[in-house]
Amino acid sequence: MIVTLLVAAAAAGWVDAVVGGGGLLLLPALLLAAPQLHPATALGTNKLAAICGTSTAAVAYARRTKIDWGVAGPAAALALVCSGCGAALAGGIPANAYRPVIIGVLVAVAVFVTVRPQMGLAEHMEKRTPWRRGIAVAVTGGLIAAYDGLIGPGTGTFLVLAFTTIVGADFVHGSAMAKIVNTATNLGALVVFAATGHVAWLLGAGMAVCNVAGALIGARMALSRGAGFVRIVLLVVVLALIARLGYLQWQES
């Protein structure tokens, strides 16, 4: 069980650092390898490991690329609150109420990225208007952050796509801003889960070490290989999310 979770944590850290979506690997691994954990405890433990990886990746990106703090800063501040609110509601909303909507959005994203091969390969600064910045802050720091606290998997992917489509970031700079906001969403949710006793601290600490290692490797690969590499990983992660959520929906239907 421990080996499985440590490997999953390292892989999740790599995926999260490149394009987000590491929770797709880590949360199911926790639920399968440690079935004795309450679902809320699995979510809280996942946040403990994830915040270490995302913060490490955020520092790596900040050192080697330019981050638009005018968008990422306010979004992170809002995300800290909204993700905590989402975590407080975790378990109160049945999965089958939101899963079909998320699947539909992911399918649309996969089609959009496929038919727009140039999307995210270059920055479009003309989109960086005040109202688009405000929308980006509201969507990433509000809507997506609340989703992260409530559910989690795929948050980083949604953040990258939001920054790319709304304010014209390329995939590398979008990933950099996503890591800043994702660190805040993980922190907000972790505080709530910890306050309610839903964190397995020893297990989470071990997973955090592996998550950090994976995040460092992933961030360096994304920065060195560029937006084209991130785009490919993005498509793979989105398709994996669709398959995973679709399977869960099919099981419950």
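The structure this text deals with has already been given above.
A few points on the structure.

Calculation rules
Residues numbered from 1 in each chain as written. Predicted model: local features only at pLDDT ≥ 70, side-chain atom pairs only at ≥ 80, totals over all residues. Heavy atoms only, no water. Helix = DSSP H or I, 4+ residues; strand = E, 2+ residues; numbered from the N terminus. Rg over C-alpha atoms; globule rule 2.2 N^0.38 Å. Buried < 20%, exposed > 50% of the residue type's maximum accessible area, 1.4 Å probe, protein only. Contact = heavy atoms within 4.5 Å. Areas by Shrake-Rupley, 256 points an atom, 1.4 Å probe, with all protein chains shown as cover. Patch = residues over 30% accessible without salt bridge, like charges linked within 9 Å, V, L, I, M, F, W, Y side chains within 5 Å. Salt bridge = Lys/Arg side-chain N within 4 Å of Asp/Glu carboxyl O. 1 Å grid on protein atoms, 1.4 Å probe; cavity = no way out; pocket = protein on both sides within 12 Å on 5 of 7 lines; lining within 4 Å. Points joined across faces, edges and corners; volume = space filled by probe spheres on them. Nonpolar A, V, L, I, M, F, W, Y, C, P; charged D, E, K, R; others polar. Expected span 1.5 Å × (residues − 1). Bend = angle between axes of the 7 residues up to and from the residue. Polar contact = N/O pair within 3.5 Å; in protein donor to acceptor, adjacent residues only side chain to side chain. Core = buried A, V, L, I, M, F, W, Y, C linked by side-chain atoms within 4.5 Å. Axes fitted to C-alpha atoms, helices over the stretch in contact; angles between N-to-C directions. Parallel < 35°, antiparallel > 145°, perpendicular 65-115°, else oblique. Phe/Tyr/Trp six-rings, centres within 6.5 Å; stacked < 30°, edge-to-face > 60°. Lys NZ or Arg CZ within 6 Å of the ring centre and 35° of its normal.

### Digging into the overall build of the protein
Step number 1: Scanning the protein from terminus to terminus reveals 10 helices and 0 strands.
Step number 2: If you list the helices and strands of the protein from N to C, you get α-α-α-α-α-α-α-α-α-α.
Step number 3: Relative to the 2.2 N^0.38 estimate, which gives 18 Å for 253 residues, the radius of gyration of the protein is 17 Å and therefore close to what a compact globule would have.
Step number 4: Projecting the C-alpha coordinates of the protein onto the three principal axes gives extents of approximately 50 × 40 × 30 Å.
Step number 5: A buried classification covers 55% of the 253 residues belonging to the protein.
Step number 6: Pairs at least 24 apart in sequence give 84% of the contacts found in the protein among residues at least 6 apart.
Step number 7: Split by element, the accessible area of the protein, about 10600 Å² in all, is 72% carbon and sulfur.

### Notes on a nonpolar patch on the surface
Step number 1: There is a patch of nonpolar side chains on the surface, built from Leu-80, Val-81, Leu-187 and Val-191 and spanning about 330 Å² of accessible area.
Step number 2: Looking at the nonpolar patch, the elements that each hand over two or more residues are helix H4 (69-88) and helix H8 (171-195).
Step number 3: By the element assignment, Leu-80 lies in helix H4.

### A look at empty space enclosed by the protein
Step number 1: Scanning the model with the defined rule gives 1 cavity of 30 Å³ or more in all.
Step number 2: In this structure, the largest cavity encloses a volume near 120 Å³.
Step number 3: Lining the largest cavity are 18 residues, with Asp-16, Gly-23, Ala-50, Gly-152 and Asn-182 sitting closest to its centre.
Step number 4: For the lining of the largest cavity, the secondary-structure elements that each account for two or more residues are helix H2 (23-33), helix H3 (39-64), helix H7 (155-167) and H8.
Step number 5: Of all the elements, H3 adds the most residues to the lining of the largest cavity, at 4 residues.
Step number 6: Looking at the lining of the largest cavity, its residues break down into 3 nonpolar, 12 polar and 3 charged.

### Side note on H4
Step number 1: Over its 20 residues, H4 runs 28 Å from end to end, which matches the ideal 28 Å to within 8%, given 1.5 Å per residue.
Step number 2: In the structure, H4 departs most strongly from a straight axis at Ala-79, where the bend amounts to approximately 30°.
Step number 3: Among the residues of H4, Val-71, Ala-72, Ala-75, Ala-76, Ala-79, Cys-82, Ser-83, Gly-84, Gly-86 and Ala-87 are the ones counted as buried.
Step number 4: Buried positions along H4 lie against helix H6 (130-150), H7 and H8.
Step number 5: With a side-chain oxygen positioned 3.1 Å from the backbone nitrogen of Gly-70, the residue opening H4 is Asp-68.

### Digging into the nonpolar core
Step number 1: Residues Val-19, Tyr-61, Phe-163 and Met-177 are the most contacted members of the largest nonpolar core, which totals 60 residues.
Step number 2: Ranked by residues supplied to this core, first place goes to helix H10 (residues 227-252) with 11 residues.
Step number 3: What Val-19 contacts, discounting residues up to four positions off in sequence, is Gly-156, Thr-157, Val-160, Ser-175, Val-230, Val-233, Leu-234 and Val-237.
Step number 4: Counting 24 residues, the second largest nonpolar core, distinct from the first, contains Ala-9, Leu-43, Leu-48 and Leu-203.

### Remarks on the environment of Ile-166
Step number 1: Tracing the chain through its elements places Ile-166 in helix H7.
Step number 2: Separated by 37 residues in sequence, Ile-166 and Thr-129 place their C-alpha atoms 9.7 Å apart.
Step number 3: Beyond its immediate stretch of four places on either side in the chain, Ile-166 contacts Lys-127, Arg-132, Ile-135, Ala-136 and Val-139.

### A few points about the packing of H8 against H10
Step number 1: Between H8 and H10, whose axes approach to 8 Å, the crossing angle comes to 65°. Put simply, H8 runs roughly perpendicular to H10. Of the residues in H10, those in contact with Phe-171, Val-172 and Ser-175 of H8 are Ala-227, Val-230, Arg-231 and Leu-234.
Step number 2: Grouping the amino acids of the contact of H8 with H10 by side-chain chemistry returns 5 nonpolar, 1 polar and 1 charged.

### Some remarks on the side chain of Thr-155
Step number 1: Counting through the fold element by element, Thr-155 comes out in helix H7.
Step number 2: Given the relative accessible area of 2%, Thr-155 is considered buried.
Step number 3: There is a polar contact of 3.0 Å between the side chain of Thr-155 and the side chain of Asp-148.
Step number 4: Not counting chain neighbours up to four residues away, the residues in contact with Thr-155 comprise Ile-144, Tyr-147, Asp-148 and Asn-182.

### Concerning the packing of aromatic side chains
Step number 1: Using the criterion set out here, one finds 3 aromatic pairs in the structure.
Step number 2: The interplanar angle of 80° and the centroid separation of 6.2 Å between the aromatic rings of Trp-14 and Phe-229 together place this pair among those described as edge-to-face. Highlighted residues: Trp-14 in helix H1 (residues 2-18) and Phe-229 in helix H10, separated in sequence by 215 residues.
Step number 3: Its relative accessible area of 15% is what places Phe-229 among the buried residues.
Step number 4: Each ring, one from Tyr-147 and one from Phe-158, has its centre 5.7 Å from the other, and the planes form 75°; the classification is edge-to-face. Here Tyr-147, found in helix H6, pairs with Phe-158, found in helix H7; they are 11 residues apart in sequence, far enough to count as distant. Here Tyr-147 matches Phe-158 in class, with each residue buried.
Step number 5: When the ring centre of Phe-229 is taken as origin, the NZ or CZ atom of Arg-225, which lies over that ring, is 5.3 Å away.

Just geometry here; none of it tells us what the structure is for.
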